[in-house]
Amino acid sequence: MYGAGKITQELRSKGYKIAERTVGKYMRELGIHAVYLTAWSYVGYVRIIGVNSK
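Residues numbered from 1 in each chain as written. Predicted model: local features only at pLDDT ≥ 70, side-chain atom pairs only at ≥ 80, totals over all residues. Heavy atoms only, no water.

So, on to the overall build of the protein chain. Counting its secondary structure elements, the protein chain contains two helices and zero strands. The buried share of the protein chain, reckoned over its 54 residues, is 13%. Carbon and sulfur atoms form 57% of the exposed surface of the protein chain, whose accessible area is close to 5600 Å². (Helix = DSSP H or I, 4+ residues; strand = E, 2+ residues; numbered from the N terminus. Buried < 20%, exposed > 50% of the residue type's maximum accessible area, 1.4 Å probe, protein only. Areas by Shrake-Rupley, 256 points an atom, 1.4 Å probe, with all protein chains shown as cover.)

The structure is reproduced here in structure tokens:
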């Protein structure tokens, strides 16, 4: 997913003159938000109950 910055860069490369703040406002108005992916995140120990567990 893209945030306002990347969307702004993409639009500018296609010839549009638009500010990053304007793109951010449109994104909020439409309910769109950036999704940030992390390389690795620790969620803690999870115990998996299998068939052979007592």
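What follows concerns the packing of helix α1 (residues 4-13) against helix α2 (residues 20-30). Relative orientation of the contacting elements α1 and α2 amounts to 115°, with a least axis distance of 9 Å. Along this stretch, α1 crosses α2, giving a crossing that reads as right-handed. Each of Ala4, Gly5, Ile7, Thr8, Leu11 and Arg12 in α1 lies in contact with α2, whose residues at this interface are Glu20, Val23, Gly24 and Met27. Taken together, the residues that form the contact of α1 with α2 break down as five nonpolar, three polar and two charged. (Axes fitted to C-alpha atoms, helices over the stretch in contact; angles between N-to-C directions. Left-handed = near helix turned anticlockwise from the far one by under 90°. Contact = heavy atoms within 4.5 Å. Nonpolar A, V, L, I, M, F, W, Y, C, P; charged D, E, K, R; others polar.)

What follows deals with the environment of Gln9. Relative to the elements of secondary structure, Gln9 occurs in helix α1. A relative accessible area of 58% places Gln9 in the exposed class. Through-space distance from the C-alpha of Gln9 to that of Ala19 is 9.5 Å; in sequence the pair is ten residues apart.

Every buried residue of α2 is listed here: Val23, Gly24 and Met27. Buried residues of α2, seen end-on, are gathered within an arc of 100° and therefore sit on one face of the element. Opposite the buried face of α2, by more than 90 degrees, sit the exposed residues Arg21, Arg28 and Glu29. With its phi angle positive at about 80°, Gly31 sits one or two positions after the end of α2. (Arc of directions from axis to C-beta.)

Keep in mind these numbers describe shape, not what the thing actually does.
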